[in-house]
Amino acid sequence: KSEIETEAYEQEISDLDGIPYRVPKYRLTAMFSATMPAEVQRIAKKYLRHPAVVTIGGGESGSKNKRIHQTVMFLSSPSMKEKALKDVILNKTRVSDKIIVFVNEKKNTEGVARIIERIGRRTVVLHGGKTQDQREENLGAFRRGGVILVA
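Calculation criteria
Residues numbered from 1 in each chain as written. Predicted model: local features only at pLDDT ≥ 70, side-chain atom pairs only at ≥ 80, totals over all residues. Heavy atoms only, no water. Core = buried A, V, L, I, M, F, W, Y, C linked by side-chain atoms within 4.5 Å. Buried < 20%, exposed > 50% of the residue type's maximum accessible area, 1.4 Å probe, protein only. Helix = DSSP H or I, 4+ residues; strand = E, 2+ residues; numbered from the N terminus. Contact = heavy atoms within 4.5 Å. 1 Å grid on protein atoms, 1.4 Å probe; cavity = no way out; pocket = protein on both sides within 12 Å on 5 of 7 lines; lining within 4 Å. Points joined across faces, edges and corners; volume = space filled by probe spheres on them. Nonpolar A, V, L, I, M, F, W, Y, C, P; charged D, E, K, R; others polar. Pairing = 2+ DSSP bridges. Salt bridge = Lys/Arg side-chain N within 4 Å of Asp/Glu carboxyl O.

Student: Describe in detail the nonpolar core, supporting the description with residues and values.
Tutor: Note that soluble globular proteins tend to have their nonpolar side chains buried in a common cluster. Grouped together as the largest cluster of nonpolar side chains are eleven residues: L85, I89, I99, V101, V112, A113, I115, I116, V125, I148 and V150. Looking at this core, the elements that each hand over two or more residues are helix 3 (78–91), strand 1 (99–101), helix 4 (109–118) and strand 3 (147–150). When residues of this core are assigned to their parent elements, the largest contribution, four residues, is made by helix 4. With sequence-adjacent residues up to four places away left out, I115 is seen in contact with E82, L85 and K86. Formed by seven residues, the second largest nonpolar core is a distinct cluster that contains V124, L126, L149 and A151.

Below, the structure written as structure tokens:
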């Protein structure tokens, strides 16, 4: 970590430590964290009575969910990306698999979806430009299966 990141992190921890002195003694307190580093666990144990920890995915050990296969590829050119995407979908997946393809920008979701559809797979697209009804409909289609979600 850089010195600036370390200072910012230490300031956040300091700010969190000061919260209990600015709120009423009896209250409902909820802490949400995508990760639980030791400092966050220490604060939770110090200030929360009977804390409940909800873990989604890998459980207590922090390991990944064994039902999920995640592949990350760093490819530079658009042609390499398209070729790799086609290869993975055609040769390493089944139609019944639940597949999510993440793209780096909202404007690229439709183009990636078209590439996937040209190789014969159905897609739904999810991004902030869709209405709530469209997002719910597309998530529903993904849950039912048979489509690839591009987000």
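Past the structure itself, the notes keep going.
Student: Account for the layout of surface pockets, with residues named and values stated.
Tutor: In this approach a probe as big as a water molecule rolls over the atoms, and the regions it shows empty are the leftover space. Size it by volume and the largest pocket reaches roughly 1,500 Å³. Forming the boundary of the largest pocket are 31 residues, of which T71, L85, I100, V101 and F102 lie nearest the centre. Broken down by secondary-structure element, the contributors of at least two residues to the lining of the largest pocket are helix 3, strand 1 and helix 4. At seven residues, helix 3 tops the list of elements feeding residues into the lining of the largest pocket. Residues belonging to the lining of the largest pocket are distributed by class as follows: 18 nonpolar, seven polar and six charged.

Student: Account for the pairing of strand 2 (residues 122–125), naming residues and giving values.
Tutor: The pairing of strand 2 with strand 3 spans four bridges and is classified as parallel. By the bridge assignment for strand 3, R122 is matched with V147.

Student: Which residues make up the pattern of salt bridges, and what values go with them?
Tutor: Applying the stated criterion to the full structure yields six salt bridges. For R118, the salt bridge identified is with E82, shortest N-O distance 3.7 Å. Of this pair, R118 sits in helix 4 while E82 sits in helix 3, and the two are 36 residues apart along the sequence. The class of R118 is exposed, set by a relative accessible area of 59%. Take E82: its relative accessible area is 25%, and that puts it in the partly exposed class. Through salt bridges that share partners, E82, K86 and R118 make up one connected network.

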